[in-house]
Amino acid sequence: MSQNILCGTLIDGENEEPFKGVWLTISDGLIKSISDSKPVGSEEFLDLSRFTILPGFIDCHDHVCLDPGDEFAQAQEPLGWLAVRGAARVRTIIEAGVTTLRNAGEHERLDLSLKRAIEAGMIPGPRLLTAGIWICRTGGHGWYDEIEADGPWEIRKAIREEVKHGADWIKIMVTGGISTPNSDANMSDFTREEIFVAVDEAHRLGKKISAHAHGGPGVDSLIEAGVDSIEHGFYLTQSQLHEMAKKGIYLCSTYGIIAAIIDEPSSPDFSREGCIKVAKIIHQMLIKAIQENVPIVVGTDGNHGKMAVELEALIKSGYSHSQAIKALTSQAARFLGLESQTGSIKKGFKADLVIIDGDPLSDIYAIENIKLVMKDGNIIFRNFPI
Ligand SMILES: [Zn+2]
């Protein structure tokens, strides 16, 4: 059965200018048509003429079972608690308009079980792309969430292990990070050889690989090796960004988590101090990334569902509102290899829609004023009367 929708303003995720008063027809979970005139036989329709319609949002970096705060303490929690909390988080995430999410590593591969539960219709949640467990060196950033691998063959085996368990992407921790004690964001945790091996093995097995990396020589090796994305990149230099743009390596910007960690009472002092330091420099990096034309996508990294703050950071660094919305939709879909399925409102695409009250082309926080969320043509969330 098909469903007809009268749109107020439609922002399709690709065109600069929005469309007004168009009709969408949805059938079998897909967008069947977009037309200027009322479709024949559409006596019954969903009247969204007061609202703005956007493609479903895409969060390119979250950990659905992890919250801002003390990551080490969370890793010691019972697995059952983390799983239940993750199941609750995926609901709030989709209710915030995120219909697709790349999970950038999770304790004990809980993301794979959550993906299974969502796909089986047991719990509401976004379409998940999973990385399984992230891979770090012994004692490297995030070691408490496993897998520690050293040397070429351990790294190859670790990647093979994640692929065996069904990971869609590989996630590797290449530099130190803010949430691990005694960690240096500009020091490479892996040798150049190990980095090249990791990229080679992931690509050899047909998987993309993303690297947690902030700055320093580890980033140079990642760029040279042809990694698919650099996550965070707080200390990236202009020349590193220039090289990333040349090779089409994405930057996954994670901005909002910095303030979330600073504000969270359970955050350890070293983590809060690291975030205060980063908060002073991150805009400069984003400005350079935009100047260099690096392809940018966004991720909440534990600040679940809070997409507007990510886009605001890009807008303050030089993006137009429309470019920021593309980073959240069509550009993110391209990054994930889903550009023929989602990220845009187009004929034949999945009916992943977010309906909001307000104009995100003038106020980006309007994307938080959610009225309805649809994934694969199913209404997941609605908060206005019929
Ligand atoms: Zn992360």
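Residue positions are given per chain, counted from 1 along the sequence in the order it is written. Per-residue local features are limited, in this predicted model, to residues with pLDDT of at least 70; the limit for side-chain atom pairs, both in listing and counting, is 80 or more; totals at the level of whole chains, interfaces and linings are taken over all residues.

Quick look at the overall build of the protein now. Numbering of helices and strands runs from the N terminus, with a helix taken as a DSSP run of H or I at least four residues long and a strand as a DSSP run of E at least two residues long. In terms of regular secondary structure, the protein is built from 13 helices and 16 strands. For 386 residues, the compact-globule estimate of 2.2 N^0.38 gives 21 Å, and the protein sits close to it at 20 Å. Burial is judged by counting the other C-beta atoms within 10 Å of a residue's own C-beta: 20 or more makes it buried, 12 or fewer makes it exposed, and any count in between marks it as partly exposed, with every C-beta position built from the backbone. For the protein, the residues scored as buried account for 53% of the 386 residues in total. Any pair of residues counts as being in contact when their C-beta atoms, constructed from backbone geometry, are within 7 Å of one another. For the protein, long-range pairs separated by at least 24 residues make up 68% of all intrachain contacts whose partners lie at least 6 apart in sequence. All radius of gyration figures rest on C-alpha atoms, and the globule criterion is 2.2 Å times the number of residues raised to 0.38.

Turning our attention to the environment of Leu286. Within the secondary structure, Leu286 is located in helix α10 (residues 282-291). Look at Leu286 and you get buried, because 25 C-beta atoms sit within 10 Å. Along the primary structure Leu286 and Leu251 are separated by 35 residues, whereas in three dimensions their C-alpha atoms are 9.5 Å apart. When sequence neighbours within four positions are dropped, the list of residues in contact with Leu286 reads Ser253, Ala313, Leu314 and Ser317.

Once that is clear, we can look at the domain arrangement of the protein. One can read the domain layout of the protein as domain 1 (2-56 + 344-382) and domain 2 (57-336). If you list the elements that add at least two residues to the side of domain 1 that touches domain 2, you get β5 (46-55), β15 (370-375) and β16 (378-382). Its residues assigned to classes, the side of domain 1 that touches domain 2 shows 13 nonpolar, three polar and five charged. As annotated, the domain borders come from an automatic or database domain assignment. Side-chain classes are defined by residue name, with Ala, Val, Leu, Ile, Met, Phe, Trp, Tyr, Cys and Pro counting as nonpolar, Asp, Glu, Lys and Arg as charged, and the others, Gly among them, as polar.

This part is about the pairing of strand β1 (residues 2-10). One bridge is not enough; two strands pair if DSSP finds at least two bridges between them. Pairing of β1 with strand β3 (residues 23-27), which is carried by five bridges, proceeds in the antiparallel orientation. Looking at β3, one finds that Ser2 is bridged to Ser27. As defined by bridge partners, β1 adjoins β5 across five bridges and the pair is classed as parallel. Counterpart to Leu10 in the pairing with β5 is Ile53. One ladder, built from two bridges, connects β1 with strand β2 (residues 19-20); its direction is antiparallel. Residue Thr9 lies in a different strand from β2, and its bridge partner there is Lys20.

Fitted lines through C-alpha atoms serve as axes, helices being fitted only where they are in contact, and the angles separating the N-to-C directions of these axes extend from 0 to 180 degrees. Between helix α5 (residues 192-204) and helix α6 (residues 217-225), the least distance of the axes is 9 Å, while the angle of their chain directions is 35°. By crossing handedness, the relation of α5 to α6 is classed as right-handed. Contacts from Arg192, Ile195, Phe196 and Val199 of α5 reach α6 at Gly218, Ser221, Leu222 and Ala225. When its residues are assigned to classes, the contact of α5 with α6 shows five nonpolar, two polar and one charged. Handedness of a helix crossing follows the sense of rotation of the near helix relative to the far helix, less than a right angle counterclockwise being left-handed and clockwise being right-handed.

Below, the discussion takes up the packing of helix α11 (residues 307-316) against helix α12 (residues 321-328). As a packed pair, α11 and α12 sit with axes 9 Å apart at the nearest point and diverge in direction by 135°. Put simply, α11 runs oblique to α12. When the axes of α11 and α12 are compared, the crossing they make is right-handed. Facing Met307, Leu311, Leu314 and Ile315 of α11, the residues of α12 in contact are His321, Ala324, Ala327 and Leu328. Of the residues in the contact of α11 with α12, the class split is seven nonpolar, one polar and no charged. The scheme is simple: roughly parallel for angles under 35 degrees, roughly antiparallel for over 145, roughly perpendicular for 65 to 115, oblique for anything else.

The next point concerns the sheet that holds strand β6 (residues 57-62). Strand order in the open sheet made by the three strands is β6-β7-β8, with parallel pairing throughout. Both edges of this open sheet fall to β6 and β8 (127-130), since each of them pairs with a single strand only. Pairs of neighbouring strands in the sheet enclose a mean axial angle of 15°, with direction left out of account. Strand direction decides the pairing type here: strand β7 (residues 98-103) and β8, joined by four bridges, are parallel. Across the sheet, the residue bridging to Arg102 is Leu129, located in β8.

With that out of the way, let us pick up the sheet that holds strand β10 (residues 208-213). Spatially, β9-β10-β11-β12-β13 is the arrangement adopted by the five strands of the open sheet, whose pairing is parallel. Across the chains shown, the open sheet's two edge strands, defined by having one partner strand only, are β9 (169-173) and β13 (296-298). Put simply, the sheet's adjacent strands are angled 25° from each other on average, direction ignored. Alignment of β10 against strand β11 (residues 229-232), held across four bridges, turns out to be parallel.

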